[in-house]
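Breakdown of the fold
Spelled out from the first residue to the last, the chains are:
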Number of protein chains: 2
Amino acid sequence: MAEPQNTNKRIKLDDVAYELIYWPGIPGRAEFIRLLFEEAGVPYRDTAKDESEAVSRVMALTDADNKGDKTNVPAIACPVLRHGDLTLSQTPNVLLYLASRLGLAPTQGNATYQLNQIVLTILDFLSNEVHDTHHPLGVASTYEEQKPAAKKRAELFKTDRLPKFLVYIQRILDGEASGEGPWLYGGKLTYADLVLFQGIHGTEFAFPKTMKKMRDSGKYDGVFKLFEAVGDRPNIKEYLASERRAPYSHGIWRHYPELDDE
Amino acid sequence: MAEPQNTNKRIKLDDVAYELIYWPGIPGRAEFIRLLFEEAGVPYRDTAKDESEAVSRVMALTDADNKGDKTNVPAIACPVLRHGDLTLSQTPNVLLYLASRLGLAPTQGNATYQLNQIVLTILDFLSNEVHDTHHPLGVASTYEEQKPAAKKRAELFKTDRLPKFLVYIQRILDGEASGEGPWLYGGKLTYADLVLFQGIHGTEFAFPKTMKKMRDSGKYDGVFKLFEAVGDRPNIKEYLASERRAPYSHGIWRHYPELDDE
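Fair warning: this is a prediction, and the values are worked out from it, not measured in the lab. Every chain is numbered on its own, with residues counted from 1 as its sequence reads. Here the convention is simple: chains get letters from A, ligands get numbers from 1, in the order in which they are written. Local features in this predicted model are restricted to residues of pLDDT 70 or higher, and side-chain atom pairs are both shown and tallied only at a pLDDT of 80 or more, whereas totals for entire chains, interfaces and linings draw on every residue. To get the side-chain values, take all heavy atoms of the structure and skip hydrogens and water.

Below, the discussion takes up the overall build of chain A. Working definition: helices are DSSP H or I runs of at least four residues, strands are E runs of at least two. Numbering for both runs from the N terminus. A count of helices and strands for chain A gives 9 helices and 4 strands. Listing the helices and strands of chain A from first to last along the sequence gives β-α-β-α-β-β-α-α-α-α-α-α-α. By its C-alpha atoms, chain A is 50 × 50 × 35 Å across when sized along the principal axes. Partly exposed residues are those whose accessible area sits between 20% and 50% of the maximum for their type, while under 20% is buried and over 50% is exposed, using a 1.4 Å probe and protein chains only. Counting every position in chain A, which comprises 262 residues, the buried fraction comes to 59%. For chain A, the share of sequence-separated contacts (at least 6 apart) that also reach a separation of at least 24 residues comes to 72%. Only carbon and sulfur atoms are counted for the fraction: they give 51% of the accessible area of chain A, which is about 10,600 Å². Only four residue types enter the charge count, namely Lys and Arg as positive and Asp and Glu as negative; His and the chain termini do not. Taken as the charge centre is NZ of Lys, CZ of Arg, CG of Asp or CD of Glu, depending on the residue. Charged side chains in chain A number 32 positive and 37 negative. The centres of these two groups are separated by 2 Å. Pairs of residues are marked as contacts when any of their non-hydrogen atoms sit within 4.5 Å. Each accessible area is a Shrake-Rupley result for a 1.4 Å probe, and residues are judged covered by the shown protein chains and nothing else.

So, in structure tokens, the structure goes:
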């Protein structure tokens, strides 16, 4: 696995190979994908940053008339990645495709599946389930219409699901397969570490008091050490401080103080 | 992609290459995986069928002391697949690993990701979201403790998410990439078709009246034609009628009449 180099920053040319299509104004699920490009220093066209067409590009994906093309099936939702003739959706699927190409995962073998397993689990807990804490009944209804249910779901998330997840990640880090250093697999930074970083970063925004308790408990020191190590990567640090990083607002990770711990 | 042959039925030998670890007594998430083995006619050891050790095998996976081994990270939940030195979890990950090995997906290229995209979407809607109709607040609380929330979540599932999903699958089938015949991709049966079959089968058990309305609407004829075509496959037919197929009960797909349509 090649050590990724930040060889090429913020080039926005017509011939950039990768195009990412997502809603404007929020980090959202696309943020997992952006972190791979940013860490690898590989340029990508981010349609969310194009004010004039960001929304229409997303809407076109799920238009009833969009039935894909000869080799690509249509998408049900963004993020969508376009790369040459390929159009891909589903966050873990896009990550799987990109990781080996960006030097953030091996190209084949057992490790491919080990990393995919870890990434699917992180996305289940820190993206899908955190989202459902504010929308437990469905996205066709507003948060305000489902506040009591959200309160209960958030409670079970904080007391049951979140500790279960952190215990699991700490088990991975304590295990032999994670190797030396702070990383999740094979003693090297992989895309799984970037995905975990974003999941924790978003969950700390949504539940700052709960996450502080988790951090202060000392039970998951490996998890938070990994989080710090990713945040210290030069390309990640530069990205987080840049205007390219959208602030959290009404996406996956939302901060409703009433859902957080006292 | 080789046409799978049912060369080897129900052989339960010590040297069977594949072992599936799952809870006994329910189809559950493992059922997606079983259908691949059954269609391909490839023998597999199913620990759920071993009364004396089924539960202990599952419990051992998530034991706090289980930190995986030199190359395998531990699992947070079953189903788990063991194959040689490999131990894998996360349903879509196990399916991705198996599909090409069982002749139910190409071994590489664009199609790998197209199929993974479809499968992830089917599992999101017809496994995870159907599960959440009876447990919208969390699995640490019983259905009886969350009935009003379940009623609302089921309502939004039936009126918003389920039609959205069926429209999407019909879009795929109407698109060029699905090719000729009833299948989802490339004009050939793939594991995505088997996964869709199980998702619809389970959802018809959970919501028989709702699904009948969807079927009778005539809007999703391709989807239900595919469902019938998979059910007519000789190996699938034989499996469904066998004792190996566990009945639905209190797993992912549950039938609570009060959550179904009137």
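Once chain A has been moved 0.0 Å along the axis and rotated by 180°, it coincides with chain B to within an RMSD of 0.0 Å. On this basis, the relationship between the two copies can be described by a two-fold rotation axis. Nearest to the rotation axis, the C-alpha of Pro-136 of chain A is located 2.9 Å from it, this being the minimum over chain A. A shared interface surface links the copies, since 100% of the contact residues of chain A are contact residues in chain B too. When the copies are overlaid, the least-squares fit takes in C-alpha atoms only where the residue has pLDDT of at least 70 in both copies.

Take the sheet that holds strand 2 (residues 44-46) of chain B next. Residue and element names in this part refer to chain B. For two strands to be treated as a pair, DSSP must find no fewer than two bridges joining them. Strand order in the open sheet made by the 4 strands is 2-1-3-4, with mixed pairing throughout. Looking at strand neighbours, the two that pair on one side only are strand 2 and strand 4 (86-89), the edges of this open sheet. Between one strand axis and the next, the sheet turns by 20° as a mean value, whatever way the strands run. Pairing of strand 1 (residues 18-21) with strand 2 involves 3 bridges; the strand directions are parallel. Across the sheet, residue Glu-19 finds its bridge partner in strand 2, namely Arg-45. Angles here are taken between N-to-C directions and fall from 0 to 180 degrees, while the axes themselves are lines fitted to C-alpha atoms, restricted in helices to the stretch in contact.

A few words on the sheet that holds strand 3 (residues 80-83) of chain A. All names here are of chain A. Pairing in this open sheet of 4 strands is mixed, and the strands run 2-1-3-4 from one edge to the other. The sheet is open, and its two edges are formed by strand 2 (44-46) and strand 4 (86-89), each paired on a single side. Ignoring strand direction, the axes of neighbouring strands in this sheet form an average angle of 20°.

UniProt positions are given in the numbering used here, feature names are shortened, and annotations may be inferred rather than shown by experiment. The sites that carry the UniProt feature "domain: GST C-terminal" (unreviewed entry) are, in the present numbering, residues 112-249 of chain A. Taken end to end, residues 112-249 of chain A is 68% helix and 0% strand, and its two terminal C-alpha atoms sit 33 Å from one another.

Residues and elements named next belong to chain B. At a minimum axis separation of 9 Å, helix 1 (residues 30-40) and helix 3 (residues 91-101) run at an interaxial angle of 10°. Between helix 1 and helix 3, the interaxial angle falls into the category roughly parallel. The residues of helix 3 that touch helix 1, namely those facing Phe-32, Ile-33, Leu-36 and Phe-37, are Thr-91, Val-94, Leu-95, Leu-98 and Ala-99. By definition in this entry, angles of less than 35 degrees are roughly parallel, angles greater than 145 are roughly antiparallel, angles of 65 to 115 are roughly perpendicular, and the rest are oblique.

Among the secondary structure elements, Pro-136 of chain A is positioned in the loop between helix 4 (110-134) and helix 5 (147-174). Overall, the relative accessible area of 0% leaves Pro-136 of chain A in the buried class. Taking the C-alpha atoms as reference points, Pro-136 of chain A and Glu-19 of chain A, separated by 117 residues in sequence, lie 32 Å from one another. Each residue touching Pro-136 of chain A, except ones within four places of it in the same chain, is listed here: Gln-146, Ala-149, Ala-150 and Arg-153 of chain A together with Pro-136, Leu-137 and Arg-153 of chain B.

Listed as interface residues are 58 residues of chain A and, on the opposing side, 59 residues of chain B. Two parts placed together each lose some accessible area; with a 1.4 Å probe, that loss summed over both constitutes the buried area. Across the chain A to chain B interface the summed buried area is about 4,800 Å²; carbon plus sulfur atoms make up 58%. When the buried surface of chain A facing chain B is broken down by residue, Ile-76, Tyr-113 and Arg-171 of chain A rank first, second and third, together holding 17% of it. Just to be clear on terms, a salt bridge is a Lys or Arg side-chain nitrogen sitting within 4 Å of an Asp or Glu carboxyl oxygen. At the boundary of chain A and chain B, one finds 2 salt bridges. Between Arg-153 of chain A and Asp-132 of chain B there is a salt bridge, and its shortest N-O distance comes to 3.8 Å. Throughout this description, a polar contact denotes any pair of N or O atoms lying within 3.5 Å of each other; where both atoms belong to protein, one of them has to be capable of donating a hydrogen while the other can accept it, and for residues adjacent in sequence the pair is counted only when both atoms sit in side chains. Across the contact surface, chain A and chain B share 32 residue pairs in polar contact (both at pLDDT 80 or more). Sorting the residues of the side of chain A that touches chain B by element identifies strand 4, helix 3 (91-101), helix 4 and helix 5 of chain A as the ones contributing at least two each. It is helix 5 of chain A that contributes the most residues to the side of chain A that touches chain B, 12 residues altogether. Under this grouping Gly is polar, as are all residues other than the nonpolar Ala, Val, Leu, Ile, Met, Phe, Trp, Tyr, Cys and Pro and the charged Asp, Glu, Lys and Arg. Looking at the side of chain A that touches chain B, its residues break down into 26 nonpolar, 17 polar and 15 charged.

So, about the pattern of salt bridges. Counting across every chain of the model gives 40 salt bridges over all chains. A salt bridge links Lys-158 of chain B to Asp-261 of chain B; the nearest nitrogen and oxygen atoms lie 3.2 Å apart. Of this pair, Lys-158 of chain B sits in helix 5 (residues 147-174) while Asp-261 of chain B sits in the segment after helix 9 (234-240); the two residues are 103 residues apart in sequence, bridging distant segments of the chain. Taking relative accessible area as the criterion, Lys-158 of chain B reaches 6% and is therefore assigned buried. Beyond isolated ion pairs, a larger network of salt bridges with shared partners links Glu-31, Arg-34, Asp-46, Lys-49 and Arg-245 of chain A.

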